[in-house]
Amino acid sequence: MSENNINSRLIYNAKIFTNEQVQFGYLLIKNGIISEIVEESPPKTLFQDVKTQFDCNKAFLLPGFIDTHVHLRDFKQSYKETFETGSKAAILGGFTTVLTMPNTIPPLSTIENIREYFDTNKLFYCNIGVFAGVKEGFDINNLDDISKEGVFGIKIYPGDKSQELPLKWNDGWRNDLEPDEFFASIKKVISLFQNEYSNWEKLFNFAAKLNLPILFHPELPRAPQVLEFFYEQGKKIAVNEGKINPNLYAHHVAHPIYQNEIANIEMITLFLRKFYPNPKNAPHVHFVHVSNPDAIKIIRTALKQEGYPCSIEVSPHHMFLNYEIKFLSESFAKVLVPLRSPETQQNLFKNVQENLIDTIGSDHAPHSLEEKSGEFEKAPSGFPSLDFAAQIILTQFFNNKLKLEQVVSYLSTQPAKIFNIPNKGMIKEGFDADLVVVNEVKPYLIKGENAQGMQKWTPWENFELKSKIIKVFLSGTEVYDSDLGFLETKGTFLKRSIK
Ligand SMILES: [Zn+2]
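Computed from a predicted model, the values in this text were never measured in an experiment.

Thoughts on the coordination of the zinc ion
Binding of the zinc ion to the protein goes through His69 (NE2), His71 (NE2) and Asp363 (OD), at separations of 2.0 to 2.3 Å. Mapped onto the sequence, the donors of the zinc ion take the spacing H-x1-H-x291-D. With His71 in the loop between β6 (65-70) and α2 (83-92) and Asp363 in the loop between β13 (359-360) and α13 (369-372), the pair connects residues that are 292 residues apart, well separated along the chain. One exposure class covers both His71 and Asp363, and it is buried.

Describing the domain arrangement of the protein
By the assigned domains, the protein splits into domain 1 (3-55) and domain 2 (60-486). Here the C-alpha centroids of domain 1 and domain 2 sit 35 Å apart. Between domain 1 and domain 2, the residue contacts involve 18 residues of the former and 23 residues of the latter. For domain 1, the biggest contributors to the area lost against domain 2 are Phe17, Ile34 and Phe54; these three give 38% of the whole. One can count one salt bridge joining domain 1 with domain 2.

Structural notes on the sheet that holds strand β7 (residues 95-100)
Hydrogen bonds between backbone atoms are what pair the strands of a sheet, whose relative direction is either parallel or antiparallel. Across the sheet, which stays open at both edges, the three strands sit in the order β6-β7-β8 with parallel pairing between neighbours. Among the strands making up the open sheet, the edge pair consists of β6 and β8 (127-130). Recorded for the sheet is a direction-independent mean angle of 20 degrees between the axes of neighbouring strands. Relative to β8, β7 runs parallel, the two being bridged by four bridges. The residue of β8 that forms the bridge with Leu99 is Gly129. Running at roughly 65 degrees to β6, helix α15 (residues 404-418) makes contact with β6 and β7 of the sheet.

As for the sheet that holds strand β9 (residues 154-156)
If you trace the five strands from one edge of the open sheet to the other, you get β9-β10-β11-β12-β13, paired in parallel fashion. Looking at the sheet topology across the chains shown, the edges are occupied by β9 and β13. As paired elements, strand β12 (residues 310-314) and β13 share two bridges and run parallel to each other. Pairing of Val314 across the sheet is with Ile360, part of β13.

With respect to the environment of Thr18
Inspection of the secondary structure assignment puts Thr18 in strand β1 (residues 9-18). Judged by its relative accessible area of 7%, Thr18 falls in the buried class. Each C-alpha atom of the pair Thr18 and Val408 lies 9.9 Å from the other, and the pair is 390 residues apart in sequence. With sequence-adjacent residues up to four places away left out, Thr18 is seen in contact with Gln23, Ile37 and Ile427. A distance of 2.8 Å separates the side chain of Thr18 from the backbone oxygen of Ile427, its partner in a polar contact.

Observations regarding the packing of helix α14 (residues 389-398) against α15
Here α14 crosses α15 at 160 degrees, and the two axes come no closer than 9 Å. Taken as axis vectors, α14 and α15 run roughly antiparallel relative to one another. Taken as a pair, α14 and α15 cross one another with a handedness that is right-handed. Of the residues in α15, those in contact with Ala390, Ile393, Leu394 and Phe397 of α14 are Leu404, Val407 and Leu411. Here the contact of α14 with α15 is built from residues that sort into seven nonpolar, no polar and no charged.

With respect to the pattern of salt bridges
Tallied over the entire structure, the rule returns 16 salt bridges. A salt bridge links Lys80 to Glu371, with the shortest nitrogen-to-oxygen separation between them at 3.0 Å. Of this pair, Lys80 sits in the loop between β6 and α2 while Glu371 sits in helix α13, and the two are 291 residues apart along the sequence. A relative accessible area of 22% places Glu371 in the partly exposed class. A salt bridge links Lys148 to Asp145; the shortest N-O distance between them is 3.8 Å. With Lys148 and Asp145 both in helix α4 (residues 143-148) and three residues apart, the pair spans about one turn of that helix. Under the relative-accessibility criterion, Lys148 is labelled exposed at 56%. Members of the salt-bridge network, linked through shared partners, are Arg9, Lys471, Glu478 and Asp481.

What to know about the side chain of Thr269
Following the sequence through the fold, Thr269 ends up in helix α9 (residues 257-275). A relative accessible area of 3% places Thr269 in the buried class. Leave out the neighbours within four places in its chain, and Thr269 touches Ala302 and Leu303.

As for α15
Here α15 contains 15 residues, and its C-alpha end-to-end distance of 20 Å stays within 8% of the 21 Å for a straight helix at 1.5 Å per residue. In α15, a bend of some 45 degrees at Tyr410 exceeds every other bend along the element. Burial of α15 is extensive: eleven of the 15 residues sit out of reach of the surface. Taken together, the buried positions of α15 are Leu404, Gln406, Val407, Val408, Tyr410, Leu411, Ser412, Thr413, Pro415, Ala416 and Ile418. Just beyond α15, the residue with positive phi is Asn420, at close to 50 degrees.

Some words on the nonpolar core
Ranked by internal contacts, the top residues of the largest apolar core, which has 122 residues, are Leu62 and Phe204. Looking at this core, the element that brings in the most residues is α9, giving nine residues. For Phe204, the residues in contact, after removing those within four places along its chain, are Ile214, Phe216, Phe271, Leu272, Phe275, Tyr276 and Pro283. Judged by nonpolar contacts, the second largest core, of 18 residues, contains Ala14, Ile16, Ile37 and Cys56.

Remarks on unusual backbone geometry
That bond from Ile105 to Pro106 is cis: its omega, -5 degrees, falls within 30 degrees of zero. Its location among the elements puts Pro106 in the loop between β7 and α3 (111-117). For the peptide bond that leads from Leu336 to Val337, omega is -5 degrees, which places it in the cis range. Tracing the backbone through its elements, the reader meets Val337 in the loop between α11 (316-320) and α12 (342-353). A positive phi angle, near 45 degrees, is found at Phe75, a position not held by glycine. By the secondary structure assignment, Phe75 is in the loop between β6 and α2. In this model, Ser475 sits at a positive phi of 45 degrees, which is unusual for a non-glycine residue.

Parameters at a glance
Residues numbered from 1 in each chain as written. Predicted model: local features only at pLDDT ≥ 70, side-chain atom pairs only at ≥ 80, totals over all residues. Heavy atoms only, no water. Donors = N, O, S within 2.8 Å, 3.2 Å for Na, K, Ca; no water. Helix = DSSP H or I, 4+ residues; strand = E, 2+ residues; numbered from the N terminus. Buried < 20%, exposed > 50% of the residue type's maximum accessible area, 1.4 Å probe, protein only. Domains from an automatic or database assignment. Contact = heavy atoms within 4.5 Å. Buried area = accessible area lost by both parts, 1.4 Å probe. Salt bridge = Lys/Arg side-chain N within 4 Å of Asp/Glu carboxyl O. Pairing = 2+ DSSP bridges. Axes fitted to C-alpha atoms, helices over the stretch in contact; angles between N-to-C directions. Polar contact = N/O pair within 3.5 Å; in protein donor to acceptor, adjacent residues only side chain to side chain. Parallel < 35°, antiparallel > 145°, perpendicular 65-115°, else oblique. Left-handed = near helix turned anticlockwise from the far one by under 90°. Nonpolar A, V, L, I, M, F, W, Y, C, P; charged D, E, K, R; others polar. Expected span 1.5 Å × (residues − 1). Bend = angle between axes of the 7 residues up to and from the residue. Core = buried A, V, L, I, M, F, W, Y, C linked by side-chain atoms within 4.5 Å.

Now the structure itself:
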């Protein structure tokens, strides 16, 4: 064995996704970095020259998936999920890197909390980075210091009253306005409040200066009594029409597509245009879990095509689940933004097939079974997804519904690019050897009890999969094997470097 190959690993007989296409051949890893990708069988001498070798048996070798929308909880919500259980779910699902959301308790809105979250004594399996939030303790004047903690972006829930970036808003939106009337009324309200938004402008300017993406949960604030009113209204319709999930339907009615989701996107659009007549100066805005094609169209025409840096995330549940599907429990499928109609869901997936979106994020948001039991209205929104999200998308490839380049783009390449995660998201010489070996298998059904995350319930119960994660490598180290289980804990805390 020659000196310079001491840490080398050979992965061969693989369908390697590199350079936007599948290439059959082998790959060499040295010191955790992809050093060579070759389109042929390895020469015999190479086998003696490397420390370890793995025969892929013609399986696919893909860049490790990157989920930029997870809630790993931990802190005071360690009964829902911890770094250890959440990162195990990630690896089992083929995700080598996750970026986690700041709505922890306490929230990741201060330097102290962010530092404590990055406690080095924690055990975890995949790479983890964080977003900062703007909740209690957040001080806009500390943004510079917060960014130095290595956060990958700033997450804003415009509907959340506990934030330090208040939105003065008229909560009494009607549900029955036509879209045109509605947009006219939003514009009027925004013009009335335009002087109240100096902190928003400050935040946007800062993000633009640091090239730090701002993530928006696309929903407008609605007062509890407004939500309750429309929920009750939705429930009446559901009962009259004999809907299979009256509560899920009512939840959708209370958080409607236009007046809640699109209204928020429209508001952000107006802000951006007002603050930045020249789109080149605007910060990158990332809309998470967009649930419908109309919202995508607005983001694309009002922002993207005008040159504003922005991106669109969709989640597997909005692509494949809807409020007409039978679930083990309605509460399991309660999520924000809500599941929509079958038609909206199918059209959303068409948008994904037509490359109209940028990333797929799981929105892994676990709660305890106890919290999800009992009354629907009291159950928190969200459900665990990391174990299955990538497999659900890979299954679309094996069913010829998505191309492999789309799967890799949405799950690896674009997340790395948008959030400036260097040397990840592609199989390329010089890049980190975060890799996943995937194969097509006979159809089988998702069972929540098989999840590695802390929660063993799922709205995906009995959804059919055709993909299998065979092995996962993190920086060249084999960390998971489908027969042997978890082999090593190699996860690192990722911190964004500021240029
Ligand atoms: Zn989320």
